[in-house]
Amino acid sequence: MQGIWTTDRIRAAEERLLAVTPEGALMRRAAFGASLRAADMLTEHAGRVAGSRVALLVGAGNNGGDALWAGAFLLRRGVGVTAVLLKPERAHPRGLAALRRAGGRVVPVEDAPQWLTRADLVIDGIVGISASGPLRPQAAELLEHVSAPVLAIDLPSGVDPDTGEVAGPAVRAACTVTFGARKPVHALNPGHCGPVELVDIGLGDELADPDLFRLDAGDVAAHWPLPGPEDDKYSQGVVGIAAGSATYPGAAVLATGSAVRATAGMVRYAGPAADAVRAHWPETVATGSITDAGRVQSWAVGPGIGTGREGREVLEHALGQGVPLCADADAITIIARAPAVLDARDPGTPLVLTPHAGEFERLTGTRPGADRVAAAREAAARFNAVLLLKGHCTIVAAPDGRVLVNVPRGSWLATAGSGDVLSGLVGALLAAGIDAWLAAGMATYVHSLAGLLAARGVPTSASAVLAAIPDALRQVRSPAPSNCG
Ligand SMILES: NC(=O)C1=CN([C@@H]2O[C@H](COP(=O)(O)OP(=O)(O)OC[C@H]3O[C@@H](n4cnc5c(N)ncnc54)[C@H](O)[C@@H]3O)[C@@H](O)[C@H]2O)[C@@H](O)CC1
Ligand SMILES: Nc1ncnc2c1ncn2[C@@H]1O[C@H](COP(=O)(O)OP(=O)(O)O)[C@@H](O)[C@H]1O
Ligand SMILES: [K+]
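Residues numbered from 1 in each chain as written. Chains lettered and ligands numbered in written order. Predicted model: local features only at pLDDT ≥ 70, side-chain atom pairs only at ≥ 80, totals over all residues.

A. Representation of the environment of Ala181 in the model. Inspection of the secondary structure puts Ala181 in the loop between β7 (175-179) and α7 (184-188). Separated by 111 residues in the primary sequence, Ala181 and Ala70 have C-alpha atoms spaced 19 Å apart. Sequence-distant contacts of Ala181, that is, excluding residues within four places in its chain, are made with Gly3, Trp5, Ile10, Leu203 and Leu207. (Helix = DSSP H or I, 4+ residues; strand = E, 2+ residues; numbered from the N terminus. Contact = placed C-beta atoms within 7 Å.)

Take a look at the structure:
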C-alpha cells in the first residue's frame, strides 16, 4: 500500500529532519530531483534540453526556493532560465543567489507574459504545502499567460494540498514532482497533478503511520481470492445478490454478472429479475424471493430494488442474516429514509455503504463538501460501516478511521449502471471473507481498471466494464512496470 500524509504531518517530519541535516541540503536534493524531471519533459516536449527555455514562477516560500534551485541546475545543462518573482523582496535568498550565479535571468511580474509565452516548459513554484485559500490575484493572473506544459513543484498551485479542492484559478500540471512523501492532493486531484513523481529526500524515518492509503496492483493481487487445490464452489464463499426488478432487470444482470466474473465461488440471485439473470448468467442459482435464497456468506443488496415496502423487506431480511453486506443504490435510500432498518443488523457484522454524492446527502443530511475524506470518515464512524464515497476519486473509509483513496484511470466509469458492477464486486470479495475496508478498496481498484480497459479511449458501457473484469484481474496479477503516477 502506498502511504499518504497530510501536510501537518509532513511539515512536522520535515522539521525533525531539517534539525539534523546541513542547511539547504534538503532543498537542493528536492530541486535536483525536480530538475531531472524537467529535463525529461524538455526532451519530450521541445526535443532538446540544452538550448530550450524554461520560465519559473517563484512564490515567497520554500516552494519558490525549490524552483530557483531547479532553475540553477537546469542552467548548468544549457537551458535558458527566466525566473518570475511574485514577491521579489521575499524570494528565497539562497535559491535566488544560486540562480543568478548560474546565469539565470530574473524578471518582475509585469514582464512575465513575454517570457511565459516563449517558454518550452513552465515550473510552478508559486506555493507548496503551506498554501492557504485560492491563489492570490497576482498569481492567478499570471496563469492566464501559461500555454507550455507545467511541471508543478510539490503540488499544483491553487489546489488545496489536503483536500484537492480547487476554489479558483489553479495550475493544471503535466507532471508533479513531490518530495519525501505523497500528500493528499496527489490522490484527490489527479487531474490537476498529472503523473506524480516522488523524490526521496530521506524523510522516510521521520514519518509514522500514513493518514491515507492507496492500493497498488500488488496489494490487490495479493488478496484477490483464487481457487486452490482444496477449494470447491462453496469454500470460496457464496455471494447473494438482491437487485433489480421485473421492470428493470438490468441492475440485477450487471450486479450478478460482476460477482460471477470476480471470483470462482457460487453466486446466488434473489429477486424478481431471476429469469433475466438466468438467461445471462446460467451459472447462477436464481430464485424469485430472498427468503428462498439459501445460505450465502455475503449479500450485495440494492441496485434497482426500489425504495418501497418490498425493497425495505428485502434489505431487512438480508441484514438479519448475520453475514457481511454491501448496501448500494436503493438500499442506501431506504436506510436514509428509515434508519431503523439497520436495527436488523448485528453491529459486529461488516456493512459497506456505497453512496454517490446525492445518496451521501440523503444518508447524512449534508453534501460531502470540499473535504471528502473527512466527510467519508465521519459517516463511516456514524454508521459503524465502511463508507465508500463514489465519485471521480472514490474514498473508502472504515469505522476505525482507516481511509483509502482510489485514484481513477480516467472518467470512463461515468456511465449508467457502472455502480451496479461495483456492488457485485464488493459483494463477491466480502463473501471470500476479506476485511470489508480492503474488499471495498480492491473492488474499486479493479472496477476503475476494468473501466479503462473497456474504454480504450472511447466511451464505454457498464456491460463492457463488466466484461473487462477478467482482463483487469490479469493485469493486476502481472502489472506493467511504472515509476510515475
Ligand atoms: N521544509 C523543508 O525541509 C523542505 C521544503 N520544501 C518545499 O517547501 C515547500 C513549503 O514551503 P513553505 O512552508 O515555505 O511554504 P510555501 O512555499 O508552500 O508557501 C508559503 C508562501 O506562499 C504564500 N501563499 C500561501 N497561500 C497562497 C496562495 N493561496 N496564493 C499565493 N500565495 C500563497 C504565503 O504567503 C507564503 O509566502 C514545500 O511544498 C516544498 O516545495 C522542499 O524544499 C523540501 C524540503
Ligand atoms: N467522473 C468520474 N470519474 C471516474 N469514476 C466515476 C466518475 N463518475 C462516476 N464514477 C464512478 O462510476 C460509478 C457510478 O456509480 P453510480 O453513481 O452508482 O451509478 P449507477 O447508479 O448508474 O450505477 C461509481 O463507481 C463512481 O465512482
Ligand atoms: K507548486
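B. Local environment of the site of ligand 2. Residues in close proximity to ligand 2 total 17 residues, the closest being Lys390, Ser411, Leu413, Ala414 and Gly419. A per-element tally of the shell around ligand 2 places helix α16 (residues 418-431) first, with 4 residues. Counted by class, the shell around ligand 2 contains 6 nonpolar, 9 polar and 2 charged residues. (Near = placed C-beta within 6 Å. Nonpolar A, V, L, I, M, F, W, Y, C, P; charged D, E, K, R; others polar.)

C. View of the domain arrangement of the protein. Considered domain by domain, the protein is made up of domain 1 (2-212) and domain 2 (217-477). When each unit is reduced to the centre of its C-alpha atoms, the spacing between domain 1 and domain 2 is 40 Å. Taken residue by residue, the interface counts 7 residues in domain 1 and 9 residues in domain 2. The element that contributes the greatest number of residues to the side of domain 1 that touches domain 2 is α7, accounting for 3 residues. Class assignment of the residues belonging to the side of domain 1 that touches domain 2 gives a composition of 5 nonpolar, 1 polar and 1 charged. (Domains from an automatic or database assignment.)

D. Just the site of ligand 1, in detail. Close to ligand 1 lie 28 residues, the nearest being Gly61, Asn62, Asn63, Gly128 and Ser130. Elements with a contribution of two residues or more to the shell around ligand 1: α1 (7-18), α2 (25-46) and α3 (62-75). Residue contributions to the shell around ligand 1 peak at 4 residues, all from α3.

E. Representation of the pairing of strand β2 (residues 53-58) in the model. Taking burial as the measure, the 6 residues of β2 include 5 buried ones, the bulk of the element. Pairing of β2 with strand β3 (residues 80-85) involves 6 bridges; the strand directions are parallel. Each residue of the ladder has a partner; that of Leu56, found in β3, is Ala83. This β-α-β element, β2 to α3 to β3, shows right-handed connectivity. (Buried ≥ 20, exposed ≤ 12 C-beta atoms within 10 Å, placed from the backbone. Pairing = 2+ DSSP bridges. Right-handed = clockwise from strand over helix to strand, strands pointing away.)

F. View of the pairing of strand β11 (residues 267-270). Burial along β11 is two-sided: Val267 and Tyr269 and Arg268 and Ala270, pointing in opposite directions, are all buried. Direction of pairing for strand β10 (residues 239-242) relative to β11: parallel, over a ladder of 3 bridges. Bridging from a neighbouring strand, Val239 pairs with Val267 of β11. Summarising the sheet, β11 and strand β12 (residues 285-287) pair through 3 bridges and their orientation is parallel. Paired with Ala270 across the strands is Thr287, a residue of β12.

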